[in-house]
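# A look at the structure
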Amino acid sequence: MCVNEPDVIQLDVDPVRFGQSFVGSEAFRSLFQEGMELIEETAAYLDGPGREESRNLPRQASLVYASESMRLTTRLMQVASWLLLQRAVAEGEISSDQAQTEKNRVRLNAHDTATTMAEYEALPVRLRELIGLATRLHARILHLERLISEGESAPRLSAPNPVATQLGMLQRAFGVTE
């Protein structure tokens, strides 16, 4: 049986959903590992050297430290929840629908800060580094979540493939027969 390009284009096959393919990929496993390592690193810092550094800060900087460390912890807990949820879907422990229900309980959201640049620069260097890493990871996950959500909510097309339609029109116009 010979299959030509229009036959392949006209196949009635649903597109691969990004979320389904991503959570089972090596890229997701790498992202998961990166996220969990950052969480462990941050916890070790905040419980150890960070605690000592915060004691040596002036009063105002100490308040900013407390605020930013809470914001950092919240962001990382949201990241951990999202990563664990996606891994559960990938491993077949829960369905995509169950994951969506759980996602609605723990929202990934952007965190606005009232911290000024001067206050931020007064924070210990390591805390600023961890905030930067967590912010970048959080932004990547927000982007992935949008891609996954759009792919999951995209309507399934029942209409003919537009490329196949155009090719058919061209073939009729130029009298190409198979």
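Relevant structure appears above.
Everything quoted here is computed from the prediction, not taken from an experiment.

This next bit is on the overall build of the protein. Of regular secondary structure, the protein possesses nine helices and zero strands. Taken from N to C terminus, the helices and strands of the protein fall in the order α-α-α-α-α-α-α-α-α. In the protein, which comprises 178 residues, the share counted as buried stands at 32%. The long-range share in the protein, meaning contacts at least 24 apart out of those at least 6 apart in sequence, stands at 82%. Surface exposure of the protein reaches about 11,700 Å², of which carbon and sulfur atoms provide 56%.

Bringing the packing of helix H3 (residues 26-47) against helix H5 (residues 59-90) into the picture now. At a closest axis distance of 10 Å, the pairing of H3 and H5 adopts a crossing angle of 150 degrees. Comparing the axis directions of H3 and H5 gives the class roughly antiparallel. Where H3 crosses over H5, the handedness of that crossing is left-handed. Between H3 and H5, the residues in contact are Phe28, Leu31, Phe32, Gly35, Met36, Leu38, Ile39, Thr42, Tyr45 and Leu46 and Tyr65, Ser69, Leu72, Thr73, Leu76, Met77, Ala80, Trp82, Leu83, Leu84, Gln86 and Arg87, respectively. A breakdown of the residues in the contact of H3 with H5 according to their chemical character gives 16 nonpolar, five polar and one charged.

For the rest of this paragraph, the subject is the nonpolar core. Residues Leu31, Trp82, Leu83, Leu127 and Ile141 are the most contacted members of the largest nonpolar core, which totals 34 residues. Elements with a minimum of two residues in this core: H3, H5 and helix H8 (125-153). No other element matches the eleven residues that H5 contributes to this core. Among all residues touching tryptophan 82, those that are not within four sequence positions of it are Phe28, Leu31, Leu108, Ile141, Leu144, Glu145 and Ile148.

Time to look at the packing of aromatic side chains. When we look at a pair of aromatic rings, we describe it by the centre distance and by the angle of the planes. Tallied over the entire structure, the rule returns one aromatic pair. Consider the rings of phenylalanine 28 and phenylalanine 32, whose centres lie 6.2 Å apart with planes at 45 degrees: the pair is tilted. Of the two residues, phenylalanine 28 and phenylalanine 32 both sit in helix H3, four residues apart, roughly one turn of that helix. For the residue pair phenylalanine 28 and phenylalanine 32, the accessibility class agrees, reading buried in each case.

In this section: the environment of alanine 80. Tracing the backbone shows alanine 80 in helix H5. Owing to a relative accessible area of 9%, alanine 80 belongs among the buried residues under this scheme. When the C-alpha atoms of alanine 80 and methionine 36 are compared, they prove to be 7.0 Å apart, with 44 residues separating the residues in sequence. Apart from residues lying up to four places away in sequence, alanine 80 is in contact with Met36 and Ile39.

A few words now on H3. Its 22 residues give H3 an end-to-end C-alpha distance of 32 Å, which sits within 8% of 32 Å, the value for a rise of 1.5 Å per residue. Where H3 is concerned, the buried positions are Phe28, Leu31, Phe32, Gly35, Met36, Leu38, Ile39, Thr42, Tyr45 and Leu46. Between a side-chain oxygen at the N-terminus of H3 and the backbone nitrogen of alanine 27 the separation is 3.3 Å; the capping residue is serine 25.

Attention now goes to the side chain of histidine 138. With respect to the helices and strands, histidine 138 occurs in helix H8. For histidine 138, a relative accessible area of 3% corresponds to the buried category. Here glutamine 78 takes part through its side chain, which lies 3.4 Å from a polar atom of the side chain of histidine 138.

Turning our attention to the pattern of salt bridges. Per the counting criterion, the structure on display carries seven salt bridges. Residue glutamate 26 is joined to arginine 29 by a salt bridge in which the shortest nitrogen-to-oxygen separation is 3.3 Å. Here arginine 29 and glutamate 26 lie together in helix H3, a separation of three residues that amounts to about one turn. The class of arginine 29 is partly exposed, set by a relative accessible area of 44%. The salt bridge involving glutamate 34 is made with arginine 140; its shortest N-O contact spans 2.8 Å. Taken together, the residues span a long stretch of sequence, with glutamate 34 in helix H3 and arginine 140 in helix H8 at a distance of 106 residues. Exposure remark for arginine 140: the relative accessible area of 28% places this residue in the partly exposed category. In the salt-bridge network here, residues are joined through shared partners; they are Glu41, Arg126 and Glu129.

Conventions used here
All residue numbers refer to positions counted from 1 along the written sequence of the respective chain. Where local features are concerned, this predicted model is filtered to residues with pLDDT of at least 70; where side-chain atom pairs are given and counted, the filter is 80 or more; whole-chain, interface and lining totals use all residues. Note: side-chain values were computed over all heavy atoms of the structure, leaving out hydrogens and water. Working definition: helices are DSSP H or I runs of at least four residues, strands are E runs of at least two. Numbering for both runs from the N terminus. Under the scheme applied here, a residue whose accessible area is under 20% of the maximum for its type counts as buried, over 50% as exposed, and between as partly exposed, the area being computed with a 1.4 Å probe on protein chains only. Note on contacts: a residue pair qualifies if any of its non-hydrogen atoms lie within 4.5 Å across the two residues. Residue exposure ignores everything except the shown protein chains as possible cover, and the areas themselves are Shrake-Rupley values with a 1.4 Å probe. Between the N-to-C directions of two axes lies an angle of 0 to 180 degrees, each axis being a line fitted to C-alpha atoms and, for a helix, fitted only over the stretch in contact. Roughly parallel means an angle under 35 degrees; roughly antiparallel, over 145; roughly perpendicular, 65 to 115; everything else is oblique. Each helix crossing is assigned a hand: it is left-handed if the near helix lies turned anticlockwise from the far helix by less than a right angle, otherwise right-handed if that turn is clockwise. Each residue gets one label: Ala, Val, Leu, Ile, Met, Phe, Trp, Tyr, Cys and Pro are nonpolar, Asp, Glu, Lys and Arg are charged, and the others, such as Gly, are polar. To qualify as a nonpolar core, a set must consist of buried Ala, Val, Leu, Ile, Met, Phe, Trp, Tyr and Cys residues joined through side-chain atoms within 4.5 Å. Geometry of aromatic contacts follows a simple scheme: Phe, Tyr and Trp rings, the Trp one being its six-membered ring, pair when their centres are within 6.5 Å, and the pair is stacked under 30 degrees between planes, edge-to-face over 60, tilted otherwise. Here the expected length of a helix is defined as 1.5 Å per residue gap, with one fewer gap than residues. Polar contact criterion, stated in full: a pair of N or O atoms within 3.5 Å, where within protein one must be able to donate a hydrogen and the other to accept it, and residues adjacent in sequence count only if both atoms are side-chain atoms. Only one rule defines a salt bridge in this text: a Lys or Arg side-chain nitrogen within 4 Å of an Asp or Glu carboxyl oxygen.

These values are about where atoms sit, not about what they do.
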